[in-house]
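Residue-level listing of the chains:
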Amino acid sequence: MNDYQSVYLALSVILFSIGALGVILRKDAIVVFLCIEIMLGAVNLAFVVFSRANQSAEGLFMVMCIMAVAGAEAAIGLAIFVLLYRKTGTINIDKFNLLKW
Amino acid sequence: MKFDLVWLIPIFPLAGVLINGLLGRRIEQKNKSLVHWIACGAVGLSFVVTLGLFFKLLGLPADKRLYDFAWFPWISSGVFHVGVGYQIDPLSMFMCMFVTGVGFLIHVYSIGYMWHDEGSYSRYFTYLNLFMFSMITLVLADNFLLMFLGWEGVGLCSYLLISYWFSDLANAVAGKKAFVTNRVGDFFFAVGILLLLVHLGAHGIWSLNFSVVFAHANLLSPHLVTIICLLFFLGCTAKSAQIPLYIWLPDAMAGPTPVSALIHAATMVTAGVYFIARCNVLYSMSPFAMEVVATVGALSALLAASIAVTQNDIKKVLAYSTVSQLGYMFLGLGVGAFAAGLFHVLTHAFFKALLFMGAGCVIHGMGGEQDMRNMGGLRKRMPVTFYTMMIATLAVIGFPGFAGFFSKDGILWETFSGAHGSYILWLIAVLTAAMTAFYMFRLIFMTFFNECRASEEVQKHIHEAPKTMTVPLMVLAALSIFGGYIGVPESLGGSNLVERFLRPVFGLGKDKLLQSAGGPGLIHRAVSETAAHQSFSTEIQLMFLTAMMVLAGIFAAYMLYMKKRSVPETLAANNPSFYRLLLNKWYVDELYEKVFINPLRSISFFLWKGIDVVVIDGMVNSTAAFFMKCGSAWKASQSGYVQRYAVSFLVGVFVLIAYYMYVR
Amino acid sequence: MNHLSFPILSTLIFFPLLCAILLMFIRSEGGKNDELLRKIALVASVVEFLISLVLLKYFNDSTPGMQFVEFAPWVRSLSINYFVGLDGISLWLVIMTAFFVPLCVLCSWTYIKEKTKYFLISIFILESAMIGAFVSLDLILFYVFWEVMLIPMFLLIGVWGGERRIYSAVKFFLYTAAGSIFMLVAIIYLYYFSYKTTGAGTFNLLDLYKLNIPITTQLWLCAAFTVAFAIKVPIFPLHTWLPDAHVEAPTAGSVILAAILLKMGTYGFLRFSMPLFPYASHEFIPVIAFLAIAGIIYGALVAWAQPDMKKLVAYSSVSHLGFVMLGLFAFNIEGIEGGIYQMLNHGLNTGALFLLVGMIYERRHTRMMDDFGGLAKVMPVFAIFLMIATLGSVAVPGTNSFVGEIMILVGAFRAYPVCGVFAVSGMVLGAVYMLWMYQKVMFGPVTSEVNRKLPDLNKREIATMLPIAVLVFVMGIFPGMFLHKMDSSVKYFINQYQQKYEMYEAEKSGNPVATHLKGFKIAVDSDAAFHNGVYSRGR
């Protein structure tokens with residue numbers, strides 16, 4: 001494995017960790033959402049790296065898919081937040097435990 | 001008339017049931033009298049057919065008098081085949097004759113009795129016809145199971161008719177009591193039939209047909225026969241109101257009086273006697289069972305007579321008298337005097353039906369009053385009723401020359417002298433005869449003599465019954481006098497036609513009986529046939545003795561209820577506990593309630609509230625609750641906060657990665 | 001054998017489903033088309049019944065084998081087939097199912113006021129599933145129908161039921177479903193076993209009959225099937241779902257539940273667990289006989305204690321089904337035919353009782369016996385029908401139950417006389433509680449003003465009751481018409497059972513000649529005639 005690859009992978013891991021911690025710790029729904037996007041970005045980065053390392057386009061293909069999904073997610077997710085905000089006046093994640101049994 | 005037409009006998013009343021049952025209410029609205037024309041006509045036709053067949057049977061030589069008409073198969077499966085078929089032999093014809101004959105008279109009598117009743121006229125006659133159908137099936141059936149159909153059918157009709165005036169809860173309760181008590185008897189009866197079937201089946205005879213069963217009865221072991229006979233007899237004690245299952249009959253007087261006359265005096269209650277007579281082959285094989293029958297019969301006769309002495313309800317007196325007379329019949333059967341027992345069935349049907357119908361006239365005339373303490377002096381107001389009832393009373397107490405005398409004497413003589421007889425039983429029977437005379441004349445004196453104790457209001461309306469009611473009374477009165485002369489014993493110069501007629505049926509049983517007479521027994525004396533037929537003079541002396549006892553009974557009643565009318569009350573007052581014991585019928589009802597019914601009811605409540613709801617359903621629900629608890633324990637982990645889920649998700653991922661990196 | 005080229009069984013199974021789909025497309029907002037819906041449902045269910053009568057005409061009662069057989073592959077890779085057929089054992093049950101559905105539609109005419117459309121759809125789906133279960137000859141197919149039945153029944157109780165409907169519906173569903181899980185495991189094991197021994201796994205019942213299953217395996221499999229069926233019957237300690245479900249279900253639901261669903265259990269014993277596992281079934285006789293007796297007496301006593309009429313009838317079912325089980329496990333012709341006959345009788349009598357209880361519940365909105373009294377005066381026609389149903393239930397000679405019970409008792413006395421004696425006591429207790437109810441409800445003075453004004457049965461209700469009332473007597477007096485059709489099937493059943501049992505017995509005692517190969521051969525030979533005709537045709 002070449003050096004630059006490990007650098008990129010390290011960057012991917014760091015980004016993923018930042019995203020994961022953000023998802024777990026932050027209370028603002030939008031920030032959580034951003035953190036999810038960061039995680040997705042980290043994964044995309046890893047895909048690109050491996051794609052290059054393996055000299056195959058499959059990884060890139062996955063990246064395109066993930067970006068499309070991420071876009072859709074962002075659209076729906078933000079819409080949900082807007083609605084939630086309108087209904088409850090807040091988007092603090094701790095206020096929403098509607099999924100409880 | 002061909003024997004194959006025997007199916008017409010039950011089918012006429014059945015047609016009556018269908019017509020009156022389905023269209024009765026419409027017929028009743030248009031033309032009320034059509035209802036009884038149909039009902040009485042149906043029974044009348046049955047009687048005519050029976051007569052025809054009877055005379056045809058008489059025309060045959062004695063050993064050819066058996067015809068089995070197999071109509072159609074009923075239940076057929078595997079080895080078990082039962083058909084609907086009717087048997088014509090002297091016994092079934094004998095029964096069928098008076099069942100349809102007396103039944104017809106009571107149907108006619110019912111017209112007058114029920115005409116003004118508020119209840120449904122057609123319903124009444126439907127039930128009555130259904131009863132006739134069942135009773136005819138019972139006596140004509142050629143196999144045990146079809147007889148059982150009739151057996152339960154008459155029980156059902158009895159239930160329906162006792163609770164005919166169902167708006168009064170007491171009547172409904174009495175009806176239910178009758179049915180359930182009979183069902184208890186039927187339990188033993190059914191077990192007996194099934195045992196018989198299965199054990200004969202073990203010898204390859206899979207049949208319930210009477211003639212087949214009796215022909216192969218020798219295959220059964222004596223113990224088994226005894227068990228079966230006792231089971232059958234228990235069934236008969238329910239149907240024929242003997243100890244221990246007689247308790248329903250007095251309560252059954254809640255039904256309309258013609259019903260009491262037909263079902264609870266003349267016909268249905270004699271079904272047990274008929275059945276044991278039918279099974280004489282089996283009973284003859286078991287001396288022990290015979291002894292039980294005789295003893296129970298004698299004790300029932302005594303017990304019922306003792307209760308009858310204190311009763312004040314006119315119908316209750318007659319009811320206990322019925323139990324008592326049925327006891328005589330069983331005594332007769334038990335000592336091997338099958339023909340004498342059946343002869344008593346016949347004469348009893350005449351005079352007891354007459355007594356009930358007379359009582360019905362009295363009740364009818366008094367506007368529903370049944371308490372004898374409120375009657376009296378009716379002799380002048382209701383002459384026909386008085387004279388006919390007087391005849392019946394003389395017949396029932398066995399006054400010389402009346403029907404009951406000859407039949408009762410047959411039983412008493414056989415008890416005294418027969419191979420299976422016993423002096424103790426004979427003494428009981430004679431004592432009972434005296435008591436019978438006492439309470440029957442007590443009834444007559446209280447009802448018809450002295451001054452009238454009814455209220456002014458009632459007195460004004462006392463009237464003789466209409467023609468439809470009195471004519472049957474007169475017919476039966478004639479039969480109560482002359483009916484006995486068909487069975488005049490040889491000692492009195494008669495030829496005992498009844499016994500000769502029935503001999504083909506009982507011949508086989510008699511033979512067996514003589515074989516077993518030398519066998520072990522508790523109270524019967526082993527006497528040979530020749531010795532048993534002692535000189536006629538002994539028989540005549542005994543008759544005289546019995547007649548004296550009867551006269552003594554009459555005299556006692558005359559003294560107590562005509563001359564010194566204060567004595568009964570002082571007697572009762574001086575012996576309060578004994579009087580109470582008799583008045584409350586030896587507390588047998590209360591005993592049964594305490595010992596059987598109440599515990600069973602408590603058990604059923606315990607089973608429901610204790611076992612079913614708490615234990616069984618509790619186990620089911622606690623199984624469910626257990627899984628519910630498990631779920632509750634876990635549900636705390638489902639907090640609903642996305643971030644906690646994310647944490648557990650991450651932890652899970654790390655665990656998996658760690659597992660695959662380090663463990664595998 | 002099957003002279004009918006028409007796929008009549010499939011028609012019977014799917015015609016109700018088709019009706020359900022048809023009803024789906026009729027708009028019913030605000031109940032405006034309810035009358036039309038009911039009429040369509042009535043016509044359709046009567047048509048279904050008439051189709052089922054065609055079975056009678058073409059049924060060949062001289063052959064024991066499966067008739068009207070239809071065969072089509074369903075899931076080839078697992079060799080699951082759509083395989084249906086009918087013999088003397090299932091014939092009357094299918095007809096009775098079709099007989100009761102029109103009555104259920106009739107009795108719900110005014111009883112069901114809400115969501116009529118969905119109610120009718122549920123009934124039709126239920127009918128499909130019930131008939132399917134009675135004719136399935138493939139275990140998976142049977143299992144599918146068996147489970148499908150639960151769903152509409154669950155809805156019937158849960159949506160149109162009384163106050164505690166949710167509790168009862170869930171209890172009913174979970175209890176019976178829990179039992180069927182065992183059956184499913186056993187079915188899959190059977191498949192695996194047939195794969196192991198013959199090299200080709202099969203769910204085909206007729207093929208599985210021929211398997212020679214080792215004794216211990218048999219015991220386990222039989223136990224699994226028994227649990228599933230015993231819950232459905234229900235056999236004594238597993239019965240507590242029944243009163244709850246009956247009491248809460250609407251009339252039509254109770255009727256179907258009592259008349260047909262309970263028969264699934266007894267039918268299951270007869271079709272599956274007894275012929276598949278003859279040795280194990282024989283081993284189970286003491287247990288089942290004891291539980292049957294316990295059920296007869298226990299059910300009767302508990303019924304006597306009930307203040308609620310519907311619950312009384314429900315507990316009486318426990319008692320009557322005890323009789324049926326006793327007959328089936330007598331393993332002789334009288335017992336088994338009596339058992340089957342008693343299934344029909346119980347359906348009719350208890351169905352009638354539930355219908356009648358439903359009728360006064362609809363008028364008075366109570367089922368407590370203490371609220372009634374003297375109704376015979378107010379409702380004479382009702383009184384007659386209730387009397388007939390009572391007599392049938394009490395097994396008075398001349399009614400249908402008497403024939404069934406006496407046959408069962410004859411069978412029981414042949415097989416285990418002591419149990420037979422105890423069973424007869426059920427007849428006494430039956431009279432006690434039924435007459436108790438009749439007296440409390442119908443006799444005595446009319447105590448309540450409300451009761452004084454109750455209307456008697458109307459024409460529709462009479463039309464509902466009349467067929468049953470007539471059948472009670474017809475079946476009691478001419479049972480031959482019904483028994484005759486099942487004769488050869490039951491005889492064959494007993495024959496097979498005895499042969500197989502002897503074979504296992506010989507194997508167990510280690511008799512070298514009678515190894516399973518020989519036994520297998522006997523079994524195959526004796527059904528050669530029967531299978532080659534029907535079975536190859538299906539293929």
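Look up a bit, the structure's there.
None of these values were measured; they are calculated from a predicted model. Along each chain, the written sequence defines residue order, and numbers are assigned to residues from 1. For this description, chains carry letters from A and ligands carry numbers from 1, given in the order in which they are written. For this predicted model, a pLDDT threshold of at least 70 governs which residues receive local features, and a threshold of 80 or more governs which side-chain atom pairs are given and counted, while totals over whole chains, interfaces and linings are taken from all residues. The side-chain numbers reported here are obtained from all heavy atoms of the structure, hydrogens and water having been left aside.

Peer 1: Quick question: what am I supposed to make of the overall build of chain C here?
Peer 2: A run of H or I in DSSP becomes a helix once it reaches four residues, and a run of E becomes a strand once it reaches two; helices and strands are each numbered from the N terminus. Broken down by element type, chain C carries 21 helices and two strands. Overall, the C-alpha framework of chain C stretches about 80 × 55 × 40 Å when taken along its three principal axes. Among the 539 residues that make up chain C, the fraction classed as buried is 69%. In chain C, 81% of the contacts between residues at least 6 apart in sequence involve partners at least 24 apart. To measure how exposed things are, a 1.4 Å probe is used in the Shrake-Rupley method; for residues, cover is taken only from the protein chains shown. Taken as a whole, chain C presents about 17,400 Å² of accessible surface, with 69% of it coming from carbon and sulfur. In this tally Asp and Glu are treated as negative and Lys and Arg as positive; neither His nor the chain ends contributes. In this description, the location of a charge corresponds to atom NZ of lysine, CZ of arginine, CG of aspartate or CD of glutamate. Counting 37 positive and 32 negative side-chain charges, chain C places the centres of these two groups 4 Å from one another. Working definition: with a 1.4 Å probe on protein chains only, accessible area under 20% of the residue-type maximum means buried, over 50% means exposed, and in between means partly exposed. Note on contacts: a residue pair qualifies if any of its non-hydrogen atoms lie within 4.5 Å across the two residues.

Peer 1: What is the right way to read the overall build of chain A from this model?
Peer 2: The helix and strand inventory of chain A stands at three helices and zero strands. When the helices and strands of chain A are read in sequence order from the N terminus, they spell out α-α-α. For 101 residues, the compact-globule formula gives about 13 Å, and the C-alpha radius of gyration of chain A, at 17 Å, lies well above that figure. Dimensions along the principal axes, computed over C-alpha positions, put chain A at roughly 50 × 25 × 25 Å. Burial status across chain A gives 28% buried among its 101 residues. Restricting to contacts in chain A with at least 6 residues of sequence separation, those with at least 24 account for 54%. Here chain A holds 7 positive side-chain charges and 6 negative ones, and the gap between their average locations is 15 Å. Throughout, the radius of gyration refers to the C-alpha atoms, and the reference size of a globule is 2.2 Å times the residue count to the power 0.38.

Peer 1: Is there a simple way to think about the environment of Val472(C) in this case?
Peer 2: Within the fold, Val472(C) resides in helix 19 (residues 459-477). Not counting residues within four places of it along the chain, the set of residues in contact with Val472(C) comprises Asn349(C), Ile388(C), Gly392(C), Gly398(C), Thr399(C) and Asn400(C).

Peer 1: Can you walk me through the side chain of Thr399(C) in this structure?
Peer 2: Residue and element names in this part refer to chain C. Along the chain, the position of Thr-399 falls in the loop between helix 15 (380-394) and helix 16 (400-415). Throughout this description, a polar contact denotes any pair of N or O atoms lying within 3.5 Å of each other; where both atoms belong to protein, one of them has to be capable of donating a hydrogen while the other can accept it, and for residues adjacent in sequence the pair is counted only when both atoms sit in side chains. Looking at Thr-399, its side chain comes within polar contact range of the main-chain oxygen of Val-396, at 2.6 Å. Other than its neighbours up to four places away in sequence, Thr-399 contacts Leu-391, Gly-392, Val-472, Phe-473 and Gly-476.

Peer 1: Mind showing me how you'd approach the packing of helix 6 (residues 165-198) of chain C against helix 8 (residues 215-232) of chain C here?
Peer 2: The description of two packed helices rests on the angle between their axes and on the distance between the axes. Residue and element names in this part refer to chain C. An axis is simply a line fitted to the C-alpha atoms; with a helix, the fit covers only the stretch in contact. Between two such axes, the angle follows the N-to-C directions and lies from 0 to 180 degrees. Here helix 6 crosses helix 8 at 150°, and the two axes come no closer than 8 Å. The angle between helix 6 and helix 8 falls in the class roughly antiparallel. Note on packing geometry: the crossing formed by helix 6 with helix 8 is left-handed. Across the interface between the two elements, Tyr-175, Thr-176, Gly-179, Ser-180, Phe-182, Met-183, Ala-186, Ile-187, Tyr-189 and Leu-190 from helix 6 touch Thr-217, Leu-221, Ala-224, Phe-225, Val-227, Ala-228, Phe-229, Ile-231 and Lys-232 from helix 8. A breakdown of the residues in the contact of helix 6 with helix 8 according to their chemical character gives 14 nonpolar, four polar and one charged. Any angle that is under 35 degrees is reported as roughly parallel, and any over 145 degrees as roughly antiparallel; angles of 65 to 115 degrees are reported as roughly perpendicular and all others as oblique. By convention the crossing between two helices is left-handed if the near helix lies anticlockwise of the far one by an angle smaller than a right angle, and right-handed if it lies clockwise. Each residue receives one of three labels: charged for Asp, Glu, Lys and Arg, nonpolar for Ala, Val, Leu, Ile, Met, Phe, Trp, Tyr, Cys and Pro, and polar for the others, Gly being one of them.

Peer 1: Before we go on, may I ask you to explain the pattern of salt bridges in this structure?
Peer 2: Close approach of charged atoms allows side chains with opposite charge to pair. For this analysis, a salt bridge means a side-chain nitrogen from Lys or Arg found within 4 Å of a carboxyl oxygen belonging to Asp or Glu. For the structure shown, the criterion picks out 17 salt bridges over all chains. With a closest N to O distance of 2.8 Å, Lys171(C) and Asp244(C) form a salt bridge. Linking Lys171(C) in helix 6 with Asp244(C) in helix 9 (residues 241-248), this pair joins segments that are 73 residues apart in sequence. For the pair shown, Lys171(C) and Asp244(C) are each scored as buried. Several salt bridges converge on common partners, so that one network encompasses Asp617(B), Arg164(C), Lys171(C) and Asp244(C).

Peer 1: It is not clear to me how the packing of aromatic side chains should be interpreted in this structure. Could you clarify?
Peer 2: Any pair of aromatic rings gets described here by the distance separating the centres and the angle formed by the planes. Residues and elements named next belong to chain C. Two rings from Phe, Tyr or Trp (for Trp, the six-membered ring) form a pair when their centres are within 6.5 Å of each other. A pair whose planes differ by under 30 degrees is stacked, one over 60 is edge-to-face, and the rest are tilted. As enumerated under the stated definition, the model contains 80 aromatic pairs over all chains in all. Ring geometry for Phe-142 and Phe-272: centres 4.2 Å apart, planes at 40°, overall tilted. Taken together, the positions of Phe-142 in helix 5 (residues 139-160) and Phe-272 in helix 10 (residues 251-276) put the pair 130 residues apart, joining distant regions of the chain. Neither residue differs from the other here; Phe-142 and Phe-272 are each classed as buried. Relative to Trp-436, the ring of Trp-304 lies with its centre 6.2 Å away and its plane at 85°, an arrangement referred to as edge-to-face.

Peer 1: Honestly, helix 24 (residues 536-563) of chain B in this entry has me stumped. Any pointers?
Peer 2: Residue and element names in this part refer to chain B. The span you would expect from a helix comes to 1.5 Å times its residue count less one. Counted at 1.5 Å a residue, the expected span for helix 24 with its 28 residues is 40 Å, and the 39 Å between its end C-alpha atoms agrees. All buried positions along helix 24 are accounted for by Thr-538, Glu-539, Leu-542, Met-543, Thr-546, Ala-547, Val-550, Gly-553, Ile-554, Ala-557, Leu-560 and Tyr-561. In this structure, the buried side of helix 24 is in contact with helix 18 (403-417), helix 19 (423-448) and helix 25 (567-574).

Peer 1: What is the right way to look at the interface of chain A and chain B in this model?
Peer 2: Reports of interface size often rely on the accessible area that becomes lost once the parts have come together. Between chain A and chain B, the contact holds 16 residues from the first and ten residues from the second. Accessible area that two parts lose when put together, with a 1.4 Å probe and added across both, is what the buried area reports. Of the roughly 1,000 Å² buried between chain A and chain B on both sides combined, carbon and sulfur atoms contribute 64%. Between the two partners, chain A and chain B, sit zero salt bridges. For the interface between chain A and chain B, the tally reads four residue pairs in polar contact (both at pLDDT 80 or more). Of all the elements, helix 1 (residues 3-25) of chain A adds the most residues to the side of chain A that touches chain B, at five residues. Split by residue class, the side of chain A that touches chain B holds ten nonpolar, two polar and four charged.

Peer 1: How should the arrangement of the chains be read in this particular structure?
Peer 2: In this assembly, two pairs of chains are in contact, and the pair with the greatest number of contacts comprises chains B and C. Chain A shows no contact with chain C. Their nearest C-alpha atoms sit 19 Å apart.

Peer 1: Mind showing me how you'd approach the nonpolar core here?
Peer 2: As a rule of thumb, nonpolar side chains are buried together in soluble globular proteins. By nonpolar core we mean a set of buried residues, namely Ala, Val, Leu, Ile, Met, Phe, Trp, Tyr and Cys, connected to one another through side-chain atoms within 4.5 Å. By size, the foremost hydrophobic cluster in this structure holds 460 residues, and its most contacted members are Phe144(B) and Leu326(C). Among the elements that make up this core, the one with the highest residue count is helix 15 (residues 338-365) of chain B (19 residues). Looking at which domains feed residues into this core, each of domain 1 (3-584) and domain 2 (589-663) of chain B supplies at least three. Setting aside residues up to four positions removed in sequence, Phe144(B) forms contacts with Ile193(B), Leu196(B), Leu208(B), Phe210(B), Val213(B), Phe214(B), Phe232(B), Phe275(B) and Cys279(B). Core analysis: the second largest hydrophobic core is formed by 14 residues, Val32(A), Met39(A), Ala74(A) and Ile91(A) among them. How far each domain reaches was decided by an automatic or database domain assignment.

Peer 1: Help me understand the interface of chain B and chain C in this model?
Peer 2: Listed as interface residues are 49 residues of chain B and, on the opposing side, 60 residues of chain C. On the chain B side of the contact with chain C, Phe166(B), Arg183(B) and Trp608(B) bury the most area, a combined 13% of that side's loss. At the boundary of chain B with chain C, the tally comes to one salt bridge. Between Asp617(B) and Lys171(C) there is a salt bridge, with the nearest N and O atoms lying 2.6 Å from each other. Within the residue set of the side of chain B that touches chain C, elements represented by two or more residues are strand 1 (67-77), helix 5 (144-162), helix 6 (169-202) and helix 27 (588-635) of chain B. Residues of the side of chain B that touches chain C, tallied by class, amount to 35 nonpolar, seven polar and seven charged.

Peer 1: Even after reading the chapter, I still don't get a nonpolar patch on the surface, so can you show me in this structure?
Peer 2: Residue and element names in this part refer to chain B. For patch detection, residues must exceed 30% relative accessible area and be free of salt bridges, and they are connected within 9 Å for like charges or within 5 Å for nonpolar side chains (Val, Leu, Ile, Met, Phe, Trp, Tyr). Together, Phe-649, Val-653, Phe-654, Leu-656, Ile-657, Tyr-659, Tyr-660, Met-661, Tyr-662 and Val-663 make up a nonpolar patch on the protein surface, roughly 1,200 Å² of accessible area in all. Tracing the backbone through its elements, the reader meets Phe-654 in helix 28 (residues 642-663). Phe-654 sits in the exposed class, given a relative accessible area of 57%.

Peer 1: Even after reading the chapter, I still don't get the packing of helix 3 (residues 90-114) of chain B against helix 4 (residues 121-140) of chain B, so can you show me in this structure?
Peer 2: All names here are of chain B. Two elements in contact, helix 3 and helix 4, have axes separated by 10 Å at closest approach and are oriented at 170°. By the angle between their axes, helix 3 is roughly antiparallel relative to helix 4. Touching Ser-92, Met-93, Met-95, Cys-96, Val-99, Thr-100, Gly-103, His-107, Ser-110, Ile-111 and Met-114 of helix 3 are Tyr-121, Tyr-124, Phe-125, Leu-128, Asn-129, Met-132, Met-135, Ile-136, Val-139 and Leu-140, all from helix 4. When grouped by side-chain class, the residues that make up the contact of helix 3 with helix 4 number 15 nonpolar, six polar and no charged.

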